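# Structural features, examined
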Amino acid sequence: MKTLWARAAKGGRQMQVSEGSDTFEFRSPHGMKAAHSRLRTFAGIAVRHLQHFNHPGRAWHDLSGPQDTLTVVLAEIGGRCEARTNLHRPAALERQRPNHISFVPAEMRVWGYTDNMESVRELRLSFDRKSLGDWFGTDLDPGKAGNPELMFHDKRAVECARLLAAECDASDPSTGLYGEGLTIALLSACFQGRPQKENSGLSVSQLRLVLDFIHEHLDLSVSVFQLARLVDLSSSQFARMFKASTGVSPHRYQLNTRIGKAQELLLMKGESLSMVA
């Protein structure tokens with residue numbers, strides 16, 4: 001986890017948040033005073049918990065980046081923020097509600113706009129659109145993934161975003177598998193079409209292959225993407241079919257298996273708790 005602070009450069013042409021090789025830039029900022037960023041990466045997706053602070057009056061910056069961007073507004077202090085394709089054209093009234101979400105394709109200029117607002121707190125994801133196909137396969141809605149959508153609302157996505165923001169802030173974060181699961185769930189809420197119903201779970205041979213792999217790698221946090229590749233499924237399809245077969249998610253199955261192994265060592269070998277840990 002990286003906790004970064006930055007202040008706008010003189011002249012307001014750029015504001016960067018940087019540490020080591022990682023740099024996040026607010027493009028074309030105006031009226032912005034400072035920013036705070038916490039970064040985690042899950043399955044190659046940069047997840048940033050951002051808070052930016054503004055001077056009195058109007059403020060804005062370009063939300064776009066070299067990769068596709070998904071931003072979820074978590075808190076607005078002092079007013080409301082908007083996503084605009086035209087700085088002088090306000091968003092429709094029905095979209096001006098708290099906790100709105102915007103998807104901005106790579107290098108497509110969309111403005112994050114505020115007026116007399118103290119600060120905005122948001123979760124911002126940066127990713128390669130092609131990777132969505134690996135996550136969702138035929139469940140992916142190409143219309144949603146190929147076009148900008150500004151200030152839409154989804155309660156499931158916002159809840160996932162709040163949990164991911166907490167993971168970014170945590171001094172002792174959970175396993176990467178937990179964050180990966182939240183990231184998939186958030187992206188699924190935003191980009192997944194109506195999933196095809198599966199009448200059954202994994203085949204016997206598929207399930208045996210996956211379970212053997214999990215048991216052979218109990219000391220690692222094996223990602224859903226890795227497991228899905230073993231049986232040639234997308235991540236979302238695999239997770240759904242795995243739960244149909246076992247009754248639990250891949251993440252929960254791995255946790256339960258580790259706990260069971262630890263208990264077995266304690267009972268059968270008399271190992272101390274510190275040795276098992």
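A brief report on the enclosed structure follows. (Residues numbered from 1 in each chain as written. Predicted model: local features only at pLDDT ≥ 70, side-chain atom pairs only at ≥ 80, totals over all residues. Heavy atoms only, no water.)

## Here we look at the overall build of the protein chain
In terms of helices and strands, the protein chain carries nine helices and twelve strands. Out of the 277 residues belonging to the protein chain, those deemed buried represent 45%. If you take every contact in the protein chain between residues at least 6 apart in sequence, the share linking residues at least 24 apart comes to 75%. Entry remark: accessible area of the protein chain is about 14,300 Å², with carbon and sulfur atoms responsible for 50%. (Helix = DSSP H or I, 4+ residues; strand = E, 2+ residues; numbered from the N terminus. Buried < 20%, exposed > 50% of the residue type's maximum accessible area, 1.4 Å probe, protein only. Contact = heavy atoms within 4.5 Å. Areas by Shrake-Rupley, 256 points an atom, 1.4 Å probe, with all protein chains shown as cover.)

## Some thoughts on helix 3 (residues 155-169)
Residues lying three or four places apart along an α-helix face the same way, a consequence of the helix completing one turn every 3.6 residues. The first and last C-alpha atoms of helix 3 sit 21 Å apart over 15 residues, in line with the 21 Å expected at 1.5 Å per residue. Burial in helix 3 covers these residues: Ala157, Val158, Cys160, Ala161, Leu164, Ala165, Glu167 and Cys168. If you follow the buried residues of helix 3, they end up packed against strand 4 (32-42), strand 5 (45-54), strand 7 (68-77), strand 9 (101-104), strand 11 (119-127) and helix 4 (176-191). If you check the start of helix 3, you find a side-chain oxygen 3.0 Å away from the backbone N of Arg156, and it comes from Asp154. (Expected span 1.5 Å × (residues − 1). Polar contact = N/O pair within 3.5 Å; in protein donor to acceptor, adjacent residues only side chain to side chain.)

## Examining the packing of aromatic side chains
Tallied over the full model, the rule gives six aromatic pairs. Aromatic pair Phe238 and Phe242: ring centres 5.6 Å apart, planes at 40°, arrangement tilted. Taken together, the residues span about one helical turn, with Phe238 and Phe242 both in helix 7 (residues 235-246) at a distance of four residues. Both residues of the pair, Phe238 and Phe242, belong to the buried class. Ring pairs connect the aromatic residues Phe103, Phe127 and Phe191, which therefore count as one cluster. The residue whose ring lies beneath Arg84 is Tyr113, and the NZ or CZ to ring-centre distance is 3.8 Å. (Phe/Tyr/Trp six-rings, centres within 6.5 Å; stacked < 30°, edge-to-face > 60°. Lys NZ or Arg CZ within 6 Å of the ring centre and 35° of its normal.)

## Section: the nonpolar core
Ranked by internal contacts, the top residues of the largest apolar core, which has 47 residues, are Leu70, Leu123, Leu186 and Phe191. Tallying contributions element by element places helix 4 first for this core, with eight residues. Setting aside residues no more than four positions away along its own chain, Leu186 makes contact with Leu70, Leu123, Leu125, Ala157, Cys160, Ala161 and Leu164. (Core = buried A, V, L, I, M, F, W, Y, C linked by side-chain atoms within 4.5 Å.)

## As for the pattern of salt bridges
As enumerated under the stated definition, the model contains nine salt bridges in all. For the salt bridge of Asp154 with Arg156, the shortest nitrogen-to-oxygen distance reads 3.4 Å. On the accessibility criterion, Arg156 (56% relative accessible area) is exposed. (Salt bridge = Lys/Arg side-chain N within 4 Å of Asp/Glu carboxyl O.)

## Description of helix 7
Between its first and last C-alpha atoms helix 7 spans 16 Å; for twelve residues at 1.5 Å apiece the expected length is 16 Å, and the two agree. Among all positions in helix 7, only Ser235, Ser236, Gln237, Phe238, Met241 and Phe242 are buried. Directly after helix 7, the chain includes Gly247, whose backbone phi takes a positive value near 90°.

## Quick look at the pairing of strand 6 (residues 58-62)
With four of five residues buried, strand 6 is to be regarded as a mostly interior element. Two strands pair when backbone bridges link them, and strand 6 and strand 10 (residues 111-115) are joined in this way by five bridges, in the antiparallel orientation. What sits directly across from Asp62, in strand 10, is Trp111. (Pairing = 2+ DSSP bridges.)

## Structural notes on the pairing of strand 11
Successive residues of a regular strand alternate their side chains across the two faces of the sheet. Among the nine residues that make up strand 11, eight are buried, leaving the element largely enclosed by the rest of the structure. When strand 5 meets strand 11, the two strands line up antiparallel, connected through eight bridges. Residue pairing for strand 11: Gln51 is matched across the bridge by Arg121. Where strand 7 lies against strand 11, nine bridges are found, and the strand directions are antiparallel. Residue Leu70 lies in a different strand from strand 11, and its bridge partner there is Leu125.

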